[in-house]
Number of protein chains: 2
Amino acid sequence: MKKSITLKDIAQHFKVSVSTVSKALKDSHDISVEMKKKIDDYAKAHNYRPNPYAVNLRKKENKTIGVIIPNILNYFFAQVFSGIEKVANEKGYNLISCISNESLAKERNTIEILEKGLVSGLLISLAEGTEKSNDHEHLISFAENGIPIVMFDRVTDDIECDKVIVDDYLGAYNAVEYLVKSGCKNIAVISPLDNLNIGKQRLKGYTEALKAHNLEVNPNLIVKIFDLELFTAEIRALLTRNKVDAILGLEEFSAINAMNIAVSLGHKIPDDISIIGFTNGQLPKHVSPKVTSISQHGKYIGELATKKLIERIEGKEDDKPEYVTHKLKTSLILRESTRSIPE
Amino acid sequence: MKKSITLKDIAQHFKVSVSTVSKALKDSHDISVEMKKKIDDYAKAHNYRPNPYAVNLRKKENKTIGVIIPNILNYFFAQVFSGIEKVANEKGYNLISCISNESLAKERNTIEILEKGLVSGLLISLAEGTEKSNDHEHLISFAENGIPIVMFDRVTDDIECDKVIVDDYLGAYNAVEYLVKSGCKNIAVISPLDNLNIGKQRLKGYTEALKAHNLEVNPNLIVKIFDLELFTAEIRALLTRNKVDAILGLEEFSAINAMNIAVSLGHKIPDDISIIGFTNGQLPKHVSPKVTSISQHGKYIGELATKKLIERIEGKEDDKPEYVTHKLKTSLILRESTRSIPE
DNA sequence: ATGAAAGCGCTAACAT
DNA sequence: ATGTTAGCGCTTTCAT
């Protein structure tokens, strides 16, 4: 066990006091230039680094950020995470990261651990379980510690903090509008996300866009999926019992799975049915036909949220007391599963 | 700022000493039952938790594990990470996680930070930059601290530690053998991974399997990709200049991209050309035809590596000095891009 | 220009 | 059964 070098070791080596070394390493004006140089060189040569635990114990500040993500296998969150990591790294922060696995209990447990001064700030996107139960006590309690929080994507009004969210409403609205303009009249929507606020927002964007274009909102074309086992059956039913000329998938796999079912039923894409999905991964580019998608810019969300959090951590106490919610626009990426808009 | 409660606060409240409280909370036999009960209840009521920094400063031990992953957008590593997180969480460990982004410099930097006692153990898969440069000084230095390391997937012999790897050789070997048995004779291989040992192992599995079945190893059918920009051009050249009846893709997207190019060239899958890929994500299931793949069980790798690491962390000093390398079998998951083996 | 001392919160050996 | 003390490594105020 290579014991790592401390201030004391350096002090003894030069037969000076610990405080001299401490100040020298901080380039204090108290210390003579020669002394500083000697100490600095020695410290570098021996690869001195302050013990982070001692520093924290003294100063009550640390360079770590807690991250709670619902599910890292979801490409969107992986993108967000890579954005978080990038900015945190640039600013010299470490990440303590946890996956809530969509569970309220795990999210709560993690927060209780982090609460005890382990982190200087928290980045969180709510677990599905949390959104369903609408229980935010653990977050409120965490916030009372005065540790800054930034919520992203899946947020709640119950917590006052900075937020970075996606304009899901507009994303869906624009997608539907595009479908209408390209000639679709019977647009179905598939939502496996009805437990989530973002799911509700997207659905609202869908209905509002239809109304804005004087199209009837047909409840038979709104398929809410609560059990993925039934996905295929429900979509087959949708497509056989109704006239459908477009499908909007609100979640990562909905659009692509629905497209595959439609194809197996003999429909031509996009001639018979257009397809658009909220999807971020590699999938839409690699399937055939390539799927038009609504991209959420996950990496940028992560970057922005982290930047805002670090500003709060490092900012003056009462710098800007008012919290801001950044609502980011999605992009509609046109590919082969939709028709073009006639001139 | 809600100031969190300390032993001292509790001690003052009951007008006893700090050590009494400390012992009481540890259920020491020194302390009377009534006292313990009082203190315990009070601590619970006030949600007391020991300050992790103070504990670490005293005891030189902490419940956190460092994780260094080359790229979280790679589904395989996301799977590994979710396995790591699961086990760590079960055992009460936190994760400090970093993405090396395939860069040696970033990997080195991260390790230097973690080295200073921030973590009790390290899980790492080498960055591509590290494998290419073959520079492992930073790891050797880290290991000298006596902090246990477990390497997974991308490992090196230069470091003596427990390792969890995939039998990439056998994975490729079995895949080629399957192709041969299903009637393929001109099997091409695509490797964008020639900088990585795992890439070399897979390639070796390919050549050895051919030899074992008395098939010539044709260098024209071995395509090493060093610049992804050229992927399409190289594969088109491969398919137009040579007779090819099967393709083995050594990396996540190689097989699927090659398949799409083959289809665009008019080849039928799997009748003209069979396709197999080393790929873990959702892709092979969702494209058409569905792609036969070699699965690496990422989540299990993460779980096993973490389990082994925690055993080292918690084990007696000289418990078992000999390190073990766990080599895990891959699975060949047959889908629609390969033909069946005749009876 | 340098040093002594106190203290962050906790543990553990050693009194009482 | 309870308390005293020293100390982990560092910062910082107040001497000198």
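Residues numbered from 1 in each chain as written. Chains lettered and ligands numbered in written order. Predicted model: local features only at pLDDT ≥ 70, side-chain atom pairs only at ≥ 80, totals over all residues. Heavy atoms only, no water.

## Here's the deal with the protein's contact with DNA strand D
Inference 1: If you check the shell around DNA strand D, you find 28 residues, and the closest are Tyr48 and Arg58 of chain A together with Ser19, Lys23 and Arg58 of chain B.
Inference 2: Serine 22 of chain A is positioned such that a nitrogen or oxygen atom in its side chain is 3.2 Å from a phosphate oxygen of DNA strand D.
Inference 3: Within the side chain of lysine 23 of chain B, an N or O atom sits 2.5 Å from a base oxygen of DNA strand D.
Inference 4: When contributions to the surface near DNA strand D are tallied by element, the ones reaching two or more residues are helix H1 (7-14), helix H2 (18-25) and helix H4 (52-59) of chain A together with helix H2 (18-25) and helix H4 (52-59) of chain B.
Inference 5: Residue classes in the surface near DNA strand D are distributed as ten nonpolar, nine polar and nine charged. (Near = heavy atom within 4 Å. Polar contact = N/O pair within 3.5 Å; in protein donor to acceptor, adjacent residues only side chain to side chain. Helix = DSSP H or I, 4+ residues; strand = E, 2+ residues; numbered from the N terminus. Nonpolar A, V, L, I, M, F, W, Y, C, P; charged D, E, K, R; others polar.)

## Side note on the nonpolar core
Inference 1: By size, the foremost hydrophobic cluster in this structure holds 86 residues, and its most contacted members are Leu248 of chain A together with Leu248 of chain B.
Inference 2: Formed by 52 residues, the second largest nonpolar core is a distinct cluster that contains Ile69 and Phe81 of chain A together with Ile65 and Phe77 of chain B. (Core = buried A, V, L, I, M, F, W, Y, C linked by side-chain atoms within 4.5 Å. Buried < 20%, exposed > 50% of the residue type's maximum accessible area, 1.4 Å probe, protein only.)

## Some words on the pairing of strand S10 (residues 292-295) of chain B
Residue and element names in this part refer to chain B.
Inference 1: Side-chain alternation along S10 places Thr292 and Ile294 on one buried face and Ser293 and Ser295 on a second face that is also buried.
Inference 2: As paired elements, S10 and strand S12 (residues 331-333) share three bridges and run antiparallel to each other. Pairing of isoleucine 294 across the sheet is with leucine 332, part of S12. (Pairing = 2+ DSSP bridges.)

## Here we look at the sheet that holds strand S12 (residues 331-333) of chain A
All names here are of chain A.
Inference 1: Here six strands make up an open sheet; going across it, the order is S7-S6-S8-S9-S10-S12 and the pairing mixed. At either margin of the open sheet sits one strand with a lone partner, and together these are strand S7 (222-224) and S12. Each neighbouring strand pair of the sheet contributes to a mean axis angle of 15°, computed without reference to strand direction.
Inference 2: The pairing of strand S6 (residues 187-191) with S7 spans three bridges and is parallel. (Axes fitted to C-alpha atoms, helices over the stretch in contact; angles between N-to-C directions.)

## Looking at the interface of chain A and chain B
Inference 1: Counting residues at the interface gives 49 residues for chain A and 49 residues for chain B.
Inference 2: Summed over both partners, the interface of chain A with chain B buries about 4,700 Å², with 57% contributed by carbon and sulfur atoms.
Inference 3: When the area that chain A buries against chain B is broken down by residue, the three leading residues are Tyr53, Lys116 and His286 of chain A, summing to 18%.
Inference 4: At the boundary of chain A with chain B, the tally comes to four salt bridges.
Inference 5: The partner of glutamate 112 of chain A in a salt bridge is arginine 49 of chain B, and the shortest N-O contact between them spans 3.0 Å.
Inference 6: Counting the contacts that link chain A with chain B gives 17 residue pairs in polar contact (both at pLDDT 80 or more).
Inference 7: Taken together, the residues of the side of chain A that touches chain B sort by class into 22 nonpolar, 18 polar and nine charged. (Contact = heavy atoms within 4.5 Å. Buried area = accessible area lost by both parts, 1.4 Å probe. Salt bridge = Lys/Arg side-chain N within 4 Å of Asp/Glu carboxyl O.)

## Observations regarding the domain arrangement of chain A
Inference 1: In terms of domains, chain A is made up of domain 1 (7-50), domain 2 (55-166 + 298-328) and domain 3 (168-296).
Inference 2: On a C-alpha basis, the centroid separation for the pair domain 1 of chain A and domain 2 of chain A is 37 Å. (Domains from an automatic or database assignment.)

## Section: the relation of the copies chain A and chain B
The relation between the two chain copies is a rotation about an axis coupled with a shift along that axis.
Inference 1: Under the fitted operation, chain A is carried onto chain B by 0.1 Å of movement along the axis and a turn of 180°, and the coordinates agree to an RMSD of 0.1 Å. Viewed as a symmetry operation, the transformation between the two copies matches a two-fold axis.
Inference 2: A share of 100% of interface residues in chain A that are also interface residues in chain B marks the association as one of identical surfaces. (Least-squares fit on C-alpha atoms with pLDDT ≥ 70 in both.)

## Some remarks on the sheet that holds strand S9 (residues 274-278) of chain B
Residue and element names in this part refer to chain B.
Inference 1: With mixed pairing, the six strands of this open sheet are ordered in space as S7-S6-S8-S9-S10-S12. Each having just a single partner strand, strand S7 (222-224) and S12 make up the two edges of the open sheet. In this sheet, adjacent strand axes meet at a mean angle of 15° when their direction is disregarded.
Inference 2: Direction of pairing for strand S6 (residues 187-191) relative to strand S8 (residues 246-249): parallel, over a ladder of four bridges. The residue of S8 that forms the bridge with alanine 188 is isoleucine 247.

## A closer look at the protein's contact with DNA strand C
Inference 1: Every one of the 27 residues lining DNA strand C counts as a neighbour, but Thr20, Lys23 and Arg58 of chain A together with Tyr48 and Arg58 of chain B are closest to it.
Inference 2: Here, DNA strand C places atoms within 4 Å of the protein, and 57% of those atoms are sugar or phosphate.
Inference 3: Between a base oxygen of DNA strand C and a side-chain N or O atom of lysine 23 of chain A, the distance comes to 2.3 Å.
Inference 4: Those elements that place two or more of their residues in the surface near DNA strand C are H2 and H4 of chain A together with H2 and H4 of chain B.

## A look at the packing of helix H6 (residues 104-115) of chain B against helix H8 (residues 137-144) of chain B
Residues and elements named next belong to chain B.
Inference 1: Interhelical geometry of H6 versus H8 gives an angle of 15° and a closest axis separation of 9 Å. Between H6 and H8, the interaxial angle falls into the category roughly parallel. In terms of crossing hand, the pair formed by H6 and H8 is left-handed. Residues Leu104, Glu107, Arg108, Ile111, Leu114 and Glu115 of H6 lie in contact with H8, whose contacting residues are His138, Leu139, Ser141 and Phe142.
Inference 2: A class-by-class count of the residues in the contact of H6 with H8 yields five nonpolar, two polar and three charged. (Parallel < 35°, antiparallel > 145°, perpendicular 65-115°, else oblique. Left-handed = near helix turned anticlockwise from the far one by under 90°.)

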